[in-house]
Amino acid sequence: VQLQASGGGLVQAGGSLRLSCAASVSISRIGSIAWYRQAPGKQRELVAAITSGGTTNYADSVKGRFTISRDNAKNTVYLQMNSLKPEDTAVYYCNARRVIGATLDYWGQGTQVTVSS
């Protein structure tokens, strides 16, 4: 599975961005797809995840501001980020997880999100 992340950029606080994660395979075959982020000097953290059945999960810090969604026809998962804050600044990574006996994790390249105050 190859993942291509895009959509990052520089935005002012209060603004919005939409990240995209395009997969090389049908995402309906992938158990879950998630967005993680890593800020300088910090550990990578889960931002949001969506299962093949459409169940979503969010970090407390982004609830009510970020929305994860999937378009199976385009094999793409989106992260709509609204009301961005400077503390959202990080490199954002998409992750696909398949459980076939063992758990297999696939990572896309990161996309930088910078929120200025």
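Bear in mind that the values here come from a model prediction, so they are computed numbers and not experimental data.

**Notes on the overall build of the protein**
1) Next: For the protein, the count of helices and strands is zero helices and 11 strands.
2) Next: Secondary structure of the protein in N-to-C order comes out as β-β-β-β-β-β-β-β-β-β-β.
3) Next: In terms of overall dimensions, the protein has a C-alpha envelope of 45 × 30 × 25 Å along the principal axes.
4) Next: Residue pairs in contact within the protein that sit at least 24 positions apart in sequence constitute 52% of those at least 6 positions apart.
5) Next: Total accessible area on the protein stands at roughly 6000 Å², and carbon and sulfur atoms take up 46% of it.
6) Next: Separation of charge centres in the protein, based on 12 positive and 6 negative side chains, amounts to 6 Å.

**Some details on the sheet that holds strand 1 (residues 3-6)**
1) Next: The sheet built from four strands is open, its strands ordered 1-3-8-7 with antiparallel pairing. At either end of the open sheet lies a strand with only one pairing partner, and these are strand 1 and strand 7 (66-71). On average, each strand axis in the sheet is tilted by 15° relative to the strand beside it, whichever way the strands run.
2) Next: Across four bridges, strand 1 lies against strand 3 (residues 17-23) in antiparallel orientation. Residue pairing across strands places Q4 opposite A22, the latter belonging to strand 3.

**Description of the packing of aromatic side chains**
1) Next: The tally for this structure, following the rule as stated, stands at one aromatic pair.
2) Next: Positioned above the aromatic ring of Y93, the side-chain terminus of R44 is 3.8 Å from the ring centre.
3) Next: Over the ring of W107 we find R44, and its NZ or CZ is 4.7 Å from the ring centre.

**Remarks on the state of the cysteines**
1) Next: In total, this model carries one disulfide according to the counting rule given.
2) Next: Shown here is the disulfide that connects C21 with C94, its sulfur atoms set 2.4 Å apart. The disulfide joining C21 to C94 has a torsion of about 70° about its S-S bond and is therefore right-handed. Taken together, the positions of C21 in strand 3 and C94 in strand 9 (residues 90-100) put the pair 73 residues apart, joining distant regions of the chain. The burial state of C21 is the same as that of C94; both residues are buried.

**Overview of unusual backbone geometry**
1) Next: Of note, the phi angle at N75 is positive, near 50°, even though the residue is not glycine.
2) Next: Mapped onto the elements, N75 comes out in the loop between strand 7 and strand 8 (76-81).
3) Next: The backbone of S83 shows a phi angle near 50°, a positive value even though the residue is not glycine.
4) Next: Using a relative accessible area of 40% as the deciding quantity, one classes S83 as partly exposed.

Parameters at a glance
- Residues numbered from 1 in each chain as written.
- Predicted model: local features only at pLDDT ≥ 70, side-chain atom pairs only at ≥ 80, totals over all residues.
- Heavy atoms only, no water.
- Helix = DSSP H or I, 4+ residues; strand = E, 2+ residues; numbered from the N terminus.
- Contact = heavy atoms within 4.5 Å.
- Areas by Shrake-Rupley, 256 points an atom, 1.4 Å probe, with all protein chains shown as cover.
- Lys, Arg positive; Asp, Glu negative; His and termini not counted.
- Charge placed at Lys NZ, Arg CZ, Asp CG, Glu CD.
- Pairing = 2+ DSSP bridges.
- Axes fitted to C-alpha atoms, helices over the stretch in contact; angles between N-to-C directions.
- Phe/Tyr/Trp six-rings, centres within 6.5 Å; stacked < 30°, edge-to-face > 60°.
- Lys NZ or Arg CZ within 6 Å of the ring centre and 35° of its normal.
- Disulfide = S-S within 2.5 Å.
- Buried < 20%, exposed > 50% of the residue type's maximum accessible area, 1.4 Å probe, protein only.

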